[in-house]
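So you can see what is in the structure, the chains are spelled out below.
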4 protein chains.
Amino acid sequence: MYKIGIAGATGYTGVELLRILSRHPNVEIKTLTSETYKGKRIDEVFPTLRNFASQELVSLDSSVGEGLDILFLALPHTTAMDEAPKFLKGDCRIVDLSADYRLRNASTFEEWYAVPHTQRELLKSVVYGLPELHREAIKSASLVANPGCYPTSAILALAPLMEEGWIDLDSVIVDSKSGVSGAGRKPSQGTQYCEVNEGVSAYGAARHRHTPEIEQEISGLAGRKLQITFTPHLMPMTRGILSSAYGRLTKEITLEKLVSYYKDYYEGEPFVRILPTGQLANTSYVSGSNFCDIGLQIDLRNKRVIVTSAIDNLIKGASGQAVQNMNIMLGLDEKAGLDFAPSFP
Amino acid sequence: MYKIGIAGATGYTGVELLRILSRHPNVEIKTLTSETYKGKRIDEVFPTLRNFASQELVSLDSSVGEGLDILFLALPHTTAMDEAPKFLKGDCRIVDLSADYRLRNASTFEEWYAVPHTQRELLKSVVYGLPELHREAIKSASLVANPGCYPTSAILALAPLMEEGWIDLDSVIVDSKSGVSGAGRKPSQGTQYCEVNEGVSAYGAARHRHTPEIEQEISGLAGRKLQITFTPHLMPMTRGILSSAYGRLTKEITLEKLVSYYKDYYEGEPFVRILPTGQLANTSYVSGSNFCDIGLQIDLRNKRVIVTSAIDNLIKGASGQAVQNMNIMLGLDEKAGLDFAPSFP
Amino acid sequence: MYKIGIAGATGYTGVELLRILSRHPNVEIKTLTSETYKGKRIDEVFPTLRNFASQELVSLDSSVGEGLDILFLALPHTTAMDEAPKFLKGDCRIVDLSADYRLRNASTFEEWYAVPHTQRELLKSVVYGLPELHREAIKSASLVANPGCYPTSAILALAPLMEEGWIDLDSVIVDSKSGVSGAGRKPSQGTQYCEVNEGVSAYGAARHRHTPEIEQEISGLAGRKLQITFTPHLMPMTRGILSSAYGRLTKEITLEKLVSYYKDYYEGEPFVRILPTGQLANTSYVSGSNFCDIGLQIDLRNKRVIVTSAIDNLIKGASGQAVQNMNIMLGLDEKAGLDFAPSFP
Amino acid sequence: MYKIGIAGATGYTGVELLRILSRHPNVEIKTLTSETYKGKRIDEVFPTLRNFASQELVSLDSSVGEGLDILFLALPHTTAMDEAPKFLKGDCRIVDLSADYRLRNASTFEEWYAVPHTQRELLKSVVYGLPELHREAIKSASLVANPGCYPTSAILALAPLMEEGWIDLDSVIVDSKSGVSGAGRKPSQGTQYCEVNEGVSAYGAARHRHTPEIEQEISGLAGRKLQITFTPHLMPMTRGILSSAYGRLTKEITLEKLVSYYKDYYEGEPFVRILPTGQLANTSYVSGSNFCDIGLQIDLRNKRVIVTSAIDNLIKGASGQAVQNMNIMLGLDEKAGLDFAPSFP
């Protein structure tokens, strides 16, 4: 059994990691940290976990990584940056769920996050943990930067289009819709029930910090620096992200061929499902699972492709993907602990 | 007091008309029709209306229009087409909430709706009832085609951009998000609570019937035939539409100037509110009102404009706009019966 | 036009008061206070109110009541207690939406609220503002204590049963279900969207502070001290309270007779609607209105009566009832500003 | 591997059975029936199941049970009654999720369901499938009647009180709150999204068909015929039932002792969790799991006990409990396939 720790176990990604790992056949959870709840038992904080986990929450100090095979960092952005290096000792490897190590270019990070990146050296060895693009590198990485929720949905939707000259690579627009859990567990006015219930709103248009993360990955695939327009929206639901991506076609292609091309592209991927021709994505059909569903349409009149993708933001968009990365890092079956069907209704 | 009838009073747009008109200072409701519930009282069908309306529902026959000043048709699409001419006698004028008379070009109608248009002659005199664009023509129209919900939100978002050469007019993409009430009241598998709750889905991408309606109106403003890519999405909420429209800028403009231009464009419009610089639209801030809020952003890096607009789909997107049209047709204060603030929370 | 002030205008009851009063024909709003947002305009805090209200928010000091006819106190519990006496000067009268003056017996207040009541003398002249029970006294009151949301729904459900010996008065159990807006606007972990969405929970069973308020009023009707068991529950919705009250019948009565008796009891009440025989209450049918709907059933097998009542907690349960009280105090039509139908869907 | 069939696989309980069984270590699914969708693959009907199940749906005929170890009947009420006997041949045993075999007394069934019971002989050998009460009998039963959702939550809440003389057994009132999935998947006006969203309503007070089922089981425990008052309510959420049960205490007992007594009563039960002293039940903490949480309170002033219980209506209230019954019938680990933590948020 591999030994696992979670730093920041009492946020939504932390508790979801715990829920998934509580059924994982190859791991045991040794350490859970929380500054807010230290001294309490995890199932006192989350009554859902009663009968499943009862560890006492401890403070995050440098001894936390000792004896661990994998430490998940589910810490607030900018906190993880300085904590990560402390634990990269002995055999302990890290999956970091924060944004701190996702951008390979420290200057880009500093531009979008408006804080200095203090670990430029370490950044060089980090692997961006999207298994569909970087599986090989993840296997041996010491520090894997787990992708953001929006980027996961957007990059998987766009990746196949980056490689074949189907579209004008400068024409990409991504319009994403997210459930509220993406904002985290910390109380704020804007995520109070009555403030978001029964309403949909746009925010952060053209300025959201997940933009450069999407651009980094699709640029890597395209072989040149790309830019996109990205607008996130907040939906009145707990889980799920639907991204609708638009691009101008530069070649003639039928919908059938496009669907078939996507199926080939993701052949063998355990967690990507290409929907049958004519079907579009629905977050209800992936909720509670590690799947990313992709549905395609072509606007023949206007020669545009429309790619819709759906994920559960807390699973494929965070904790499930983190476990997928862990499985790859440890040489386990990539589906271990993640082989469950979406829940519907 | 003007005399009013509603044909199809027991759908969502019908009952919303009734609710609004029950407080209108200048009208009295004479006739309500329903094939499903005829013989029942309206407040038996909608307990909300107890103490406000108690008319008996009658069948729709040719005598229904007699003595009326305005007849609202809140009938299913394609039913209204053949019913409308029967009531255009005497002084009775019509506001039709169906899609049947919205497209001036009968061939376009037939192409998108896949049924013949049987009233091509009548179509010529119809006015598209978006007051912000066609107020003068509405005043004297006999038959006003009340706009669709998505088109109302999209056209108001795009109109100012059609006239000044700000954008490449062939680059427009509209990504809309609607509450479930837009699908009407008739039971169907797809709008059962558990099928749509906690999920967001794309549908009808590049094929939705509201597409040519948006194109007709923005083409009229631009002075040439335009086409857009339009993707609607279903949200887990009852009311509200948020549209996010994207276009490629062809001139340099600051956000401040753009906001100022939109404010000028809609100067004096009682039901359009341009949000302060930097704010984006939120359906919660218009819910329960006849307002359309418009919020703007510029993606400087990619030279694109992002226009977000929010309406209550049952009010500005249907019944409120129908009353606004009625007010204009009857020479009343355009805000009569509609001068209420959105409800929040 | 009467001159009105609202102390604490930026909570949910404050903004709902503003929304209602913005259409009231006989009042003008002179003063709005907020400690959190002072210096801002009200429509900057609540974009819903743009075009309806643009007053600058000021701090609550002793000059606030000057020149006012009615000051609404929408302040946190225990804050209102010491503020109220400062404004009972000149012609200014008060409707207090807090709990501070609702219990006539200061000792009972101190027992349930665990703070001393500092205004025992003033308490003697306060009128409990449930118009259906205390209309005459409200007319001339200087300080009206606006009822709590749960008590409004429970007392109106139970009142007719207190007077005719129908039930064992010691057998009453009230099980109430409330939307989240009842918890107020202040951010807290427990009212974050993801914490309450898609779940129902019981809380405060047998200990909730609204218990003695219900007991005080039904005891007054029964002519002796009564006690009830009261359990509130939190529902995943913004507005609405449904109360289900149970009592053991001590006389034989048919459902038809009971419904008829309730209709007689509330004859002429503008905001109480007794549902037809066999129908039970539904918050959807009162949402957005000042109505209280009451639906009855008899459990013949067990000789129990079941009374269900529904209100919009922010209107009849708070701000609408406060306006109703204001109307009575000022000698206006009791329905002024409140004569709107519920919104459905 | 045991061989399993599901008759009626395309309702909500059917698809939830499939989801659970798709991860069960000891079974393989041989047959799925659906009259509505026969000829289609199950993952065409439920896109959630893609990659997990792809069986073709067949019609329910008498050959369906052949070679099966367990056949689940997830058929509409009254349909299961006549179908069940057809499959009790060979080694095939049945778990029936309908109400048809839950009431041991055929006359009681006929009184509450208003249809004749055509299988009175078979009824005598049926076991009511609540493992916490009837585990031994379930082991060898040929036909297990899987309990209703409300009864599961109510009986587990009340059972410990039936045996020790704590309460007046004729004083029991159960007030239950259910998510919409309990109404099944078939489209109806009353379960359309916009009809139930943002509202709570009472229905079937004192008349709901689950009443005699609760009474049968608690009467069995008490050793004499008991009656209760039962009122169900519909909540705006997909999954979950919270029941609040009230009874008059006849002995003095502290809350601590009561909690301790409940813990002892359910000692060793894998799917009942007694909440710590002072905590009440919340459906969010059991959602997605087979747990029933029970939280207690005592109303000292009125000498009443308040028992709150929470289940996921589709799991412990239907399909999860059916799998639990199957495990017991087949001599498997009772937790097999059900050992997953609730999902939160």
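If you're wondering where the values come from, they're calculated on a predicted model, not measured in any experiment. For every chain, the first residue of the written sequence is number 1, and numbering continues from 1 onward in sequence order. A letter from A marks each chain and a number from 1 marks each ligand, given out in the order of writing. In keeping with the predicted nature of the model, local features appear solely for residues at pLDDT of at least 70, side-chain atom pairs appear and are counted solely at 80 or more, and the whole-chain, interface and lining totals rest on all residues. Side-chain metrics rest on all non-hydrogen atoms present in the structure, leaving aside hydrogens and water.

1. Structural notes on the interface of chain A and chain B
Note on contacts: a residue pair qualifies if any of its non-hydrogen atoms lie within 4.5 Å across the two residues. On the chain B side, the residues contacting the 51 residues of chain A number 51 residues. Summed over both partners, buried area is the accessible surface (1.4 Å probe) that two parts give up on being assembled. Carbon and sulfur atoms supply 50% of the area that chain A and chain B bury against each other, a total of about 4000 Å² over both sides. A pair is scored as a salt bridge if a Lys or Arg side-chain nitrogen falls within 4 Å of a carboxyl oxygen belonging to Asp or Glu. Where chain A meets chain B, there are 4 salt bridges. Here K177(B) ties to D175(A) by a salt bridge, and the two come within 3.0 Å at their closest N and O atoms. Side-chain atoms alone can form a polar contact between residues adjacent in sequence; in general such a contact is a pair of N or O atoms within 3.5 Å, and within protein one must be able to donate a hydrogen while the other accepts it. For the interface between chain A and chain B, the tally reads 34 residue pairs in polar contact (both at pLDDT 80 or more). Helix and strand labels come from DSSP, where a helix needs a run of H or I of at least four residues and a strand needs a run of E of at least two; each type is numbered from the N terminus. Listing elements by their share of the side of chain A that touches chain B, those giving two or more residues are β7 (173-178), α8 (193-196), β8 (201-202), α9 (211-222), β9 (229-234), β10 (241-248), β12 (292-299) and β13 (304-311) of chain A. Grouping the amino acids of the side of chain A that touches chain B by side-chain chemistry returns 22 nonpolar, 18 polar and 11 charged. Amino acids outside the nonpolar list (Ala, Val, Leu, Ile, Met, Phe, Trp, Tyr, Cys, Pro) and the charged list (Asp, Glu, Lys, Arg) are all regarded as polar, and Gly is one of them.

2. Looking at the packing of helix α7 (residues 149-158) of chain C against helix α11 (residues 315-329) of chain C
Residues and elements named next belong to chain C. Two elements in contact, α7 and α11, have axes separated by 8 Å at closest approach and are oriented at 100°. By the angle between their directions, the pair α7 and α11 is classed as roughly perpendicular. Contacts between α7 and α11 involve C149, T152 and L156 from the first element and K316, G317 and Q321 from the second. In the contact of α7 with α11, the residues fall into 2 nonpolar, 3 polar and 1 charged. Structural elements are reduced to axes, namely lines fitted to C-alpha atoms, with helices fitted over the stretch in contact, and the angle between N-to-C directions of any two is expressed from 0 to 180 degrees. These descriptions rest on fixed angle ranges, namely under 35 degrees for roughly parallel, over 145 for roughly antiparallel, 65 to 115 for roughly perpendicular, and the rest for oblique.

3. Some points on the packing of aromatic side chains
Under the pairing criterion, centres of Phe, Tyr and Trp rings, with the six-membered ring standing for Trp, must be within 6.5 Å; the plane angle then separates stacked pairs below 30 degrees from edge-to-face pairs above 60, leaving the rest tilted. The tally for this structure, following the rule as stated, stands at 46 aromatic pairs over all chains. Ring geometry for F109(B) and Y113(B): centres 4.6 Å apart, planes at 10°, overall stacked. One end of the pair is F109(B) and the other is Y113(B), both in helix α4 (residues 106-113) and 4 residues apart, which spans about a single turn. Ring pairs connect the aromatic residues W166(A), Y261(A), Y262(A), Y265(A) and Y266(A), which therefore count as one cluster. We call a charge positioned above a ring when the Lys NZ or Arg CZ atom is no farther than 6 Å from the ring centre and deviates by at most 35 degrees from the ring normal. Against the face of W166(C) rests K251(C), its NZ or CZ located 4.4 Å from the ring centre. One cation-aromatic arrangement involves R273(C) over F291(C); the distance from NZ or CZ to the ring centre is 4.1 Å.

4. Some words on the interface of chain B and chain C
Between chain B and chain C, the contact holds 35 residues from the first and 35 residues from the second. Considering only the side of chain B, the residues that lose the most area to chain C are R23(B), T48(B) and P345(B), jointly responsible for 22% of the buried surface there. Counting across the interface, chain B meets chain C through 0 salt bridges. Linking chain B to chain C there are 14 residue pairs in polar contact (both at pLDDT 80 or more). When residues of the side of chain B that touches chain C are assigned to their parent elements, the largest contribution, 4 residues, is made by helix α1 (residues 12-21) of chain B. Of the residues assigned to the side of chain B that touches chain C, the class counts are 18 nonpolar, 9 polar and 8 charged.

5. Digging into the relation of the copies chain A and chain B
Related by rotation about an axis and a shift along that axis, the two copies of the chain form a pair. A least-squares fit on C-alpha atoms brings the copies together, and the residues used are those whose pLDDT is at least 70 in both copies. Least-squares fitting of chain A to chain B yields an RMSD of 0.0 Å, with the superposition described by an axial translation of 0.0 Å and a rotation of 180°. The operation mapping one copy onto its partner corresponds to a two-fold rotation axis. Using C-alpha coordinates, one finds that chain A approaches the rotation axis most closely at P236(A), a distance of 3.3 Å. Counting the interface residues of chain A, we find that 100% of their copies in chain B are interface residues as well, pointing to one common contact surface.

6. What to know about the state of the cysteines
The disulfide criterion is simple: two cysteine sulfur atoms within 2.5 Å. Counting across every chain of the model gives 0 disulfides over all chains. In this structure C149(B) is a free cysteine whose sulfur lies 12 Å from that of C194(D), the closest cysteine sulfur available. In this scheme, a residue with accessible area under 20% of its type's maximum is buried, one over 50% is exposed, and one in between is partly exposed, where area comes from a 1.4 Å probe on protein chains only. The class for C149(B) is buried, based on a relative accessible area of 13%.

7. A closer look at the sheet that holds strand β10 (residues 241-248) of chain B
All names here are of chain B. With respect to topology, 7 strands assemble into an open sheet ordered β8-β9-β7-β10-β13-β12-β11, the strand pairing being mixed. Lying at the two open borders of the sheet, with one neighbouring strand each, are β8 (201-202) and β11 (272-274). When β8 meets strand β9 (residues 229-234), the two strands line up antiparallel, connected through 2 bridges. Bridge pairing links A202 to H233 in β9. Contacts from helix α10 (residues 255-265) reach β11, β12 (292-299) and β13 (304-311), with the element oriented near 155° to β12. Should DSSP find at least two bridges between two strands, the strands are regarded as paired.

8. Overview of the side chain of R185(B)
Looking at where R185(B) falls in the secondary structure, it is placed in the loop between β7 (173-178) and α8 (193-196). Reaching out from R185(B), the side chain makes a polar contact with the side chain of E195(D) at a distance of 2.9 Å.

9. Examining the side chain of S219(D)
All names here are of chain D. Inspection of the secondary structure assignment puts S219 in helix α9 (residues 211-222). Its relative accessible area of 12% is what places S219 among the buried residues. Ignoring anything within four residues of it in the chain, the contact list for S219 reads R224, K225 and L226.

10. Brief notes about the pattern of salt bridges
Think of it this way: side chains of opposite charge can pair up when their charged atoms draw near. Within the structure shown, the criterion is met by 88 salt bridges over all chains. Residue D312(A) is joined to R239(A) by a salt bridge in which the shortest nitrogen-to-oxygen separation is 3.1 Å. Taken together, the residues span a long stretch of sequence, with D312(A) in the loop between β13 and α11 (315-330) and R239(A) in the loop between β9 and β10 at a distance of 73 residues. In this pair, the class of D312(A) matches that of R239(A), namely buried. One salt bridge connects D168(C) with R248(C), and the closest N-O pair in it is separated by 2.9 Å. Note that D168(C) is positioned in the loop between α7 and β7 (173-178) and R248(C) in strand β10 (residues 241-248), a separation of 80 residues in sequence. By relative accessible area, which is 40% here, R248(C) ends up partly exposed. Taken together, the shared-partner salt bridges connect E16(A), R19(A), R239(A) and D312(A) into one network.

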